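# Tertiary structure, described
Now for the letters of each chain:
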Amino acid sequence: MVPHRVAGLCLILLLALFPICWAATAAATPSQEPSMEEHVPASPAASQEPTHATAPDTTSEDAHAPGHGGDSHGGHENLGRHLPLWSCIPFAGMLLSIALFPLMAPNFWHHHFGKISAFWAAAMAVPFVVAYHGTAVYEILHIILADYVPFIILLWSLYTVSGGILLRGTLRGTPVVNTTMLIIGTLLASWMGTTGAAMLLIRPFLRANSSRKSRTFMVVFFIFLVANIGGSLTPLGDPPLFLGFLHGVTFFWTFKVLPEMLLAAGILLTVYFITDSYFYRKEMKGKKPAESQGPKEPLRLEGTYNFLFLGGVVGAVLMSGLVDWGEISTLGVHRAVQDWARDLLLILMGIFSLLATPRQVRDDNNFTWFPIQEVAYLFIGIFITMIPCLAILKAGSQGALAFLIEAVQRPYHYFWVTGALSSFLDNAPTYLTFFNTALGSFFPGMTEAQAVPLLMTEKAIYLKAISTGAVFFGACSYIGNAPNFMVRSISEEAGTPMPSFFGYILKYSLVFLIPSFVVITLVFF
């Protein structure tokens, strides 16, 4: 039997069993189901909820509303208290599909990955709604309207705008040139977001190395540095830091993690330069130096007006975190007016870029819509199947992961547990969970406005551990941060072979990232 048929039978079996399990869980869960209009997002322990319904993402990551689904507002049932760990099976199935189908049945995956994503979304959503009715409908609508929609709009706008910026001329991918580009991208990521920096530089980076034989490791280190670790210095860099900013962490406080960021980036850049130099010498053995191979065309940029639109994207995201225009309810989901305004501005920036940029510039930049389509189809499945996982995580000590959350005591615990969960779950709610855990542990009874300044000063090492864990560990898998998957898709479309889901983790994350994080732990935590 061909591999994809075997996989299909396994998926059908799981789908058949899942509603039974949901029904059993629902029967054991006290029913407390208000109307969707009555639901108001609730604050986790030791937290006073801000008026923002979402934490806008400057780098792709979705903007999750902290602590939705609590009991303390509107009598809404907190499902995370009742959901068992096996309710995360569809999420695991989604991840395994992304990991295994491209290896076992690549042609089937290429033509049907959208259907597979829809299958796992339905495997979670249908029995979830049958078991929990309006509460489940609300949770699904919430993650789509408040999380997925702004997530994909931001990705689309950055992908569209950056695709209109073309670097012409001769840029040869020597170890010095490549390392310099990685340094530039790492520095840019904190100011224009990891997604913005990654989308801006990945095409010139790939073009510079198009003649190199060993390119896979280059893109992986690009993901490590530009798409993740570089975004750790400002709230604009990565979604969890923006979420902290909305909860009272001052804008420039994150510069306190500069030593951790420099050490992590320094280790990885050094390893990259040594590795690239080795392969470059091996490839150039017996050949003319790259600098003497043909005429060299001066470098020049086309479509520079797109930098204005790129600035508009960053400005719109920052605006949504600085102003408060109230809330509106859409299908029962409360979102801040400024968040809808941000999404509209992002769409306008993308449309203006499409209208202003000649088609030839995008064609010469090898711009297609497939990478963003792939991310859109796969991440809707990831977001929906992730609902039980996030609910359990947000339930804290009252959920199925209580044993893990209660065991977090020391700074290195916060660093590694926040990081491990951020590698596969959304790092924004993971950050918020342990942010609130720290507030409740060290400053019980205080309001968030009173406790956060103390966390930034008296217990700064804990906040640094949470912040660096959420950002750094996003590089550990393709789904740890949205630009990871985008970079992978663009690279594969450009002809650069990329490792499989597990290949990325086993060959690169465990070999290069984890030892670097061990060093950071020993030095700082």
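Residues numbered from 1 in each chain as written. Predicted model: local features only at pLDDT ≥ 70, side-chain atom pairs only at ≥ 80, totals over all residues. Heavy atoms only, no water.

### Re the overall build of the chain
Scanning the chain from N- to C-terminus turns up 19 helices and four strands. Within the span of the chain, comprising 525 residues, buried residues form 59% of the whole. Carbon and sulfur atoms provide 69% of the accessible area of the chain, an area that totals close to 19700 Å². (Helix = DSSP H or I, 4+ residues; strand = E, 2+ residues; numbered from the N terminus. Buried < 20%, exposed > 50% of the residue type's maximum accessible area, 1.4 Å probe, protein only. Areas by Shrake-Rupley, 256 points an atom, 1.4 Å probe, with all protein chains shown as cover.)

### Things to note about the nonpolar core
Judged by nonpolar contacts, the single largest core of 146 residues is most densely connected at F151, F222, F224, F435 and F472. Per-element accounting of this core gives the leading share, 23 residues, to helix 3 (residues 106-162). Excluding residues within four positions of it along the chain, F472 makes contact with I229, S232, E260, M261, A264, F415, F517 and I520. (Core = buried A, V, L, I, M, F, W, Y, C linked by side-chain atoms within 4.5 Å. Contact = heavy atoms within 4.5 Å.)

### Thoughts on the packing of helix 3 against helix 4 (residues 175-208)
At a closest axis distance of 9 Å, the pairing of helix 3 and helix 4 adopts a crossing angle of 30 degrees. With respect to helix 4, the element helix 3 is oriented roughly parallel. The two elements helix 3 and helix 4 cross, and the hand of that crossing is right-handed. Seen from helix 3, the contacting residues are L155, L158, Y159 and S162; seen from helix 4, they are T195, G196, M199, L200 and R203. Its residues placed into classes, the contact of helix 3 with helix 4 shows five nonpolar, three polar and one charged. (Axes fitted to C-alpha atoms, helices over the stretch in contact; angles between N-to-C directions. Parallel < 35°, antiparallel > 145°, perpendicular 65-115°, else oblique. Left-handed = near helix turned anticlockwise from the far one by under 90°. Nonpolar A, V, L, I, M, F, W, Y, C, P; charged D, E, K, R; others polar.)

### Description of the environment of L513
Counting through the fold element by element, L513 comes out in helix 19 (residues 501-524). On the basis of relative accessibility, which here comes to 0%, the residue L513 falls in the buried class. Residues within four places of L513 in sequence aside, it is in contact with F224, I229, L268, A475, C476 and Y508.

### Some remarks on the environment of T368
Within the element layout of this structure, T368 appears in the loop between helix 10 (359-364) and helix 11 (370-385). Separated by 208 residues in sequence, T368 and T160 place their C-alpha atoms 9.6 Å apart. Not counting chain neighbours up to four residues away, the residues in contact with T368 comprise Y159 and E493. For T368, the side chain forms a polar contact with the side chain of E493, separated by 2.5 Å. (Polar contact = N/O pair within 3.5 Å; in protein donor to acceptor, adjacent residues only side chain to side chain.)

### Considering helix 14 (residues 411-422)
Relative to the 16 Å expected for 12 residues at 1.5 Å per residue, helix 14 spans 16 Å between its end C-alpha atoms, a close match to the ideal helical length. The inward-facing, buried residues of helix 14 contact helix 12 (387-394), helix 13 (402-406), helix 15 (427-442), helix 17 (460-472) and helix 19. (Expected span 1.5 Å × (residues − 1).)

### Things to note about the side chain of T385
Within the secondary structure layout, T385 lies in helix 11. Looking at T385, its side chain comes within polar contact range of the main-chain oxygen of G381, at 2.8 Å.

### Some points on the state of the cysteines
This structure, assessed with the given rule, holds zero disulfides. C389 provides the cysteine sulfur closest to C88, a residue in no disulfide bond, and the two sulfurs are 3.1 Å apart. (Disulfide = S-S within 2.5 Å.)

### Quick notes on the pairing of strand 4 (residues 333-336)
The alternating pattern of strand 4 places V333 and R335 on one face and H334 and A336 on the opposite face, and all of these are buried. Taken together, the four bridges between strand 3 (residues 327-330) and strand 4 define a ladder with antiparallel strand orientation. Residue pairing across strands places I328 opposite R335, the latter belonging to strand 4. Between the antiparallel neighbours strand 3 and strand 4 lie two residues, among them L331 with a positive phi of about 55 degrees. (Pairing = 2+ DSSP bridges.)

### Quick look at the packing of aromatic side chains
All told, the structure shown has 47 aromatic pairs when counted by the stated rule. Consider the rings of Y148 and F151, whose centres lie 6.2 Å apart with planes at 40 degrees: the pair is tilted. Of the two residues, Y148 and F151 both sit in helix 3, three residues apart, roughly one turn of that helix. Across the pair, exposure class does not vary: Y148 and F151 are buried alike. With a centroid separation of 6.2 Å and an interplanar angle of 90 degrees, the aromatic rings of F415 and F517 are classed as edge-to-face. Separated by 102 residues along the polypeptide, F415 in helix 14 and F517 in helix 19 bring together distant segments of the chain. Its guanidinium or amino end placed over the ring of W340, R335 lies 4.4 Å from that ring's centre, counting from NZ or CZ. (Phe/Tyr/Trp six-rings, centres within 6.5 Å; stacked < 30°, edge-to-face > 60°. Lys NZ or Arg CZ within 6 Å of the ring centre and 35° of its normal.)

### Quick look at the pattern of salt bridges
Taken as a whole and judged by the stated rule, the model has 11 salt bridges. Of the charged contacts, one joins R212 and E283 as a salt bridge, the two residues approaching to 2.8 Å between their closest N and O atoms. Remark: E283 occurs in helix 7 (residues 258-284) and R212 occurs in the loop between helix 4 and helix 5 (216-225); sequence separation between them is 71 residues. Taking relative accessible area as the criterion, R212 reaches 3% and is therefore assigned buried. A residue is classified by how much of its surface remains accessible, and E283, at 10% relative accessible area, is buried. Between R488 and E492 there is a salt bridge whose closest N-O contact spans 3.6 Å. (Salt bridge = Lys/Arg side-chain N within 4 Å of Asp/Glu carboxyl O.)

### Quick notes on the confidence of the model for the chain
When the pLDDT values of the chain are averaged, the result is 82; 84% of them are 70 or greater. No element of the chain has a lower mean pLDDT than helix 1 (residues 3-27), which averages 50, and none a higher one than helix 5, which averages 96. Below pLDDT 50 for its whole length, residues 30-75 participates in 176 contacts with residues either more than four positions away or in separate chains. (pLDDT = per-residue confidence, 0-100.)

### Considering the packing of helix 3 against helix 8 (residues 306-322)
Viewed as axis vectors pointing N to C, helix 3 and helix 8 meet at an angle of 160 degrees, and their least axial separation amounts to 9 Å. Between helix 3 and helix 8, the crossing angle belongs to the class labelled roughly antiparallel. Classified by chirality, the crossing of helix 8 by helix 3 is left-handed. For the pair formed by helix 3 and helix 8, the contact residues are L154, S157, L158 and V161 on the first element and N306, F309, L310, V313 and V317 on the second. A per-class count over the contact of helix 3 with helix 8 returns seven nonpolar, two polar and no charged.

### Some thoughts on helix 8
In this model helix 8 runs 24 Å from its N-terminal to its C-terminal C-alpha over 17 residues, within 8% of the 24 Å that 1.5 Å per residue would give. When we look at burial in helix 8, the residues that qualify are N306, F309, L310, V313, V314, A316, V317, M319, S320 and G321. Those residues of helix 8 that are buried are in contact with helix 3, helix 4, helix 6 (239-246) and helix 9 (337-356).

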